[in-house]
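Structural characterization, general
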Amino acid sequence: MKQAPSDFPRQHAFSALSGAQPKLNVLEIDGRYYLDHPDEDEICQRYDVCVDLVEQLITYCEKKKQPAHSWEALLNAVAHSLSQKPWGLTPDENAWIMKKLKAHFIV
């Protein structure tokens, strides 16, 4: 089975559970309750999506780069834009993507 690298974010799903009492987010499957957290297959799927996005953003940045602007300025603009997209990425996944982009362009 393929695994995502150890630096890729692995976090529990987010839930909004209202009320004053503490709550535990669980899934009911066949009458049994399980903690709602991603398994390795789900993490690998998210990793594949993020890797694909990194590759697309590398191509985008190479086309978008202007000689008068620094890589840092372009990557800051990309990071801001990425954080505004409704793509269902977590903040940790966005940070991982930007880390990979910075490693590619800024040595």
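Predicted model, so just to flag it, every value in this text is computed and none were measured.

1. Observations regarding the pattern of salt bridges
- Per the counting criterion, the structure on display carries four salt bridges.
- A salt bridge links glutamate 40 to arginine 10; its shortest N-O distance comes to 3.3 Å. On the criterion of sequence distance, the pair formed by glutamate 40 in helix α1 (residues 40-64) and arginine 10 in the segment before β1 (26-29) is long-range, its members being 30 residues apart.
- In this structure, glutamate 93 engages arginine 46 in a salt bridge whose closest nitrogen and oxygen atoms are separated by 2.6 Å. Placement of glutamate 93 in helix α3 (residues 91-105) and of arginine 46 in helix α1 is noted, with a sequence separation of 47 residues between them.
- Arginine 46 gets classed as partly exposed once you look at its relative accessible area, which sits at 33%.
- If you follow the salt bridges from partner to partner, you end up with Asp7, Lys99 and Lys100 in one network.

2. Notes on the pairing of strand β2 (residues 32-35)
- Note that β1 and β2 share four bridges and pair antiparallel. Pairing of leucine 27 across the sheet is with tyrosine 34, part of β2.
- Joining the antiparallel neighbours β1 and β2 is a turn of two residues, in which aspartate 30 adopts a positive phi near 55°.

3. Describing the environment of glutamine 3
- Following the sequence through the fold, glutamine 3 ends up in the segment before β1.
- Residue glutamine 3 is classed as exposed on the basis of its relative accessible area of 56%.
- Contacts of glutamine 3, omitting those with residues within four sequence positions, involve Glu40 and Cys44.

4. Remarks on unusual backbone geometry
- With a phi close to 55°, aspartate 30 is a non-glycine residue in the positive phi region.
- Among the structural elements, aspartate 30 can be located in the loop between β1 and β2.

5. Describing α1
- For α1, spanning 25 residues, the distance from its first C-alpha to its last is 35 Å, which sits close to the expected 36 Å at 1.5 Å a residue.
- Among the residues of α1, Glu40, Ile43, Cys44, Tyr47, Cys50, Leu53, Val54, Leu57, Ile58 and Cys61 are the ones counted as buried.
- In this structure, the buried side of α1 is in contact with α2 (71-84) and α3.
- For α1, the N-terminal cap is aspartate 39; the gap from its side-chain oxygen to the backbone nitrogen of aspartate 41 is 3.2 Å.

Reading the values: rules and limits
- Residues numbered from 1 in each chain as written.
- Predicted model: local features only at pLDDT ≥ 70, side-chain atom pairs only at ≥ 80, totals over all residues.
- Heavy atoms only, no water.
- Salt bridge = Lys/Arg side-chain N within 4 Å of Asp/Glu carboxyl O.
- Helix = DSSP H or I, 4+ residues; strand = E, 2+ residues; numbered from the N terminus.
- Buried < 20%, exposed > 50% of the residue type's maximum accessible area, 1.4 Å probe, protein only.
- Pairing = 2+ DSSP bridges.
- Contact = heavy atoms within 4.5 Å.
- Expected span 1.5 Å × (residues − 1).
- Polar contact = N/O pair within 3.5 Å; in protein donor to acceptor, adjacent residues only side chain to side chain.

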